[in-house]
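# Close look at the chain arrangement
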Amino acid sequence: MLGDFLEDSAGGKKVVVASGANVTSKVRGAVESALPKKPVWVEVAAADIENVDRVIAAASGSGCIVGVGGGKSVDVGKLAAFKLRLPFFSVPTSASHDGISSPFASLKGLDRPYSVMAKPPVGILADIEIIASAPRRLLASGCGDLVSKLTAVKDWELAHRVTGEYYGSYSASLALMSANAVLDRSRALGTFGRGSVREIVEALISTGVAAGIAGSSRPCSGSEHLFSHYLDLLSPEAGLHGEKCGMGTIMMAKLHGIDWRKVRTALKNVGAPVEASQIGVGDSMVIESLMKASSIRPDRYTILSRRKLTRKSAALLAKSTGVI
Ligand SMILES: [Zn+2]
């Protein structure tokens, strides 16, 4: 199947596969047997510019780039393909965030701590069996990234009202549909049966498409993502992206005056963390992130731009929602 997928796009030229070490050892045989010619493998060690440059160097004269793995390889492959103007294929082996389909790449070593515009994949091959066999923590994190669309869309609506920024109701609805898949069916999804895994993957793909339609990350990323990005700066190794965004969503939902308890319950039902201590983040980091998150991206108007939390109000928000 992968061969059918890639053959036309590669136009007879070589295929470059960006993949992490663990994934490479698992899928190398399957990928090579699916392709008419042996691809060039580039082992991605980290989601940073150095690894993007390594993929670019290996991709000279190639027809397409494939990112196989979790977040890192997909992000690195996506940005390399964007820079080289080559088609990019996403082959996720886990579903912990919406980068598997979005036009954005999240990398370290850039001049800003949030995603950059790259290009959407021309194809996504998601093997549900492989994704279901990945650690459940990754899928729970994917659910955290999904619920975050609830507050992302609220922030987008707010920005539209306050600044006149473009608001796309179609892409907003699409993103909300993905958040509601988790909010309304968290108990069933939390079993992580094949049907549940498929629904999580489809919802994640759908949010990436929503960002593509909007032409910005607005439907997928609001104040809860800014909170997560600020925590990344303070404690780069603590927690997964979707875990931090999920916790941020609980707090931002309260600021927006919507049902934050429902978000918290849904996250608990899928086994995602709802308390900062579960991912090794201290109270002071949560409070600092709430106070300073909006400074990461002043151009993005969110509820944090409007409310301008003080140390006292940030602590109150985090405590009243059970995050600290
Ligand atoms: Zn995200």
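To start, this report covers the structure provided alongside it. (Residues numbered from 1 in each chain as written. Predicted model: local features only at pLDDT ≥ 70, side-chain atom pairs only at ≥ 80, totals over all residues. Heavy atoms only, no water.)

## Observations concerning the coordination of the zinc ion
Ligation of the zinc ion by protein atoms is provided by Asp145 (OD), Asp145 (OD), His225 (NE2) and His241 (NE2), these donors lying 2.1 to 2.7 Å from the ion. Considering all four donor atoms around the zinc ion, the spread of angles at the metal, 51 to 144 degrees, places the coordination shape in the irregular class. The sequence pattern formed by the donor residues of the zinc ion is D-x79-H-x15-H. Note that Asp145 is positioned in helix H6 (residues 136-147) and His225 in helix H10 (residues 223-234), a separation of 80 residues in sequence. Across the pair, His225 and Asp145 agree in class, each one buried. (Donors = N, O, S within 2.8 Å, 3.2 Å for Na, K, Ca; no water. Tetrahedral: all angles 85-135°; square planar, octahedral: opposite > 155°, others 65-115°. Helix = DSSP H or I, 4+ residues; strand = E, 2+ residues; numbered from the N terminus. Buried < 20%, exposed > 50% of the residue type's maximum accessible area, 1.4 Å probe, protein only.)

## Side note on the packing of helix H8 (residues 169-189) against helix H12 (residues 260-269)
At a minimum axis distance of 8 Å, the contact between H8 and H12 shows a crossing angle of 40 degrees. With respect to H12, the axis of H8 lies oblique. H8 and H12 meet at a crossing whose hand is left-handed. On H12, the residues that touch Val182, Leu183, Asp184, Ser186 and Arg187 of H8 are Lys262, Val263, Ala266 and Asn269. (Axes fitted to C-alpha atoms, helices over the stretch in contact; angles between N-to-C directions. Parallel < 35°, antiparallel > 145°, perpendicular 65-115°, else oblique. Left-handed = near helix turned anticlockwise from the far one by under 90°. Contact = heavy atoms within 4.5 Å.)

## A closer look at the packing of aromatic side chains
For the coordinates displayed, the defined rule picks out two aromatic pairs. Taking the centre distance of 6.2 Å and the plane angle of 70 degrees together, the rings of Trp156 and Tyr166 count as edge-to-face. In this pair, Trp156 sits in helix H7 (residues 149-163) while Tyr166 sits in the loop between H7 and H8, placing the two residues 10 residues apart along the sequence. Cluster of aromatic residues (ring-pair linked, three or more members): Trp156, Tyr166 and Tyr167. (Phe/Tyr/Trp six-rings, centres within 6.5 Å; stacked < 30°, edge-to-face > 60°.)

## What to know about the pairing of strand S4 (residues 88-92)
Taken across its five residues, S4 has five buried, putting it largely inside the fold. Judged from the five bridges that link them, strand S3 (residues 62-69) and S4 form a sheet pairing that is parallel. Counted as the bridge partner of Gly69 is Pro92 from S4. The handedness of the S3 to S4 crossover, carried by helix H4 (residues 71-84), is right-handed. (Pairing = 2+ DSSP bridges. Right-handed = clockwise from strand over helix to strand, strands pointing away.)

## Quick look at the pairing of strand S1 (residues 14-19)
Of all six residues that make up S1, five are buried, and the element is covered over most of its length. In the sheet, S1 pairs with S3 via six bridges, with the strands oriented parallel. Counterpart to Val16 in the pairing with S3 is Ile65. Pairing analysis gives four bridges linking S1 to strand S2 (residues 40-43), with the strands arranged parallel. In the sheet register, Val16 faces S2, and the bridge partner there is Val40.

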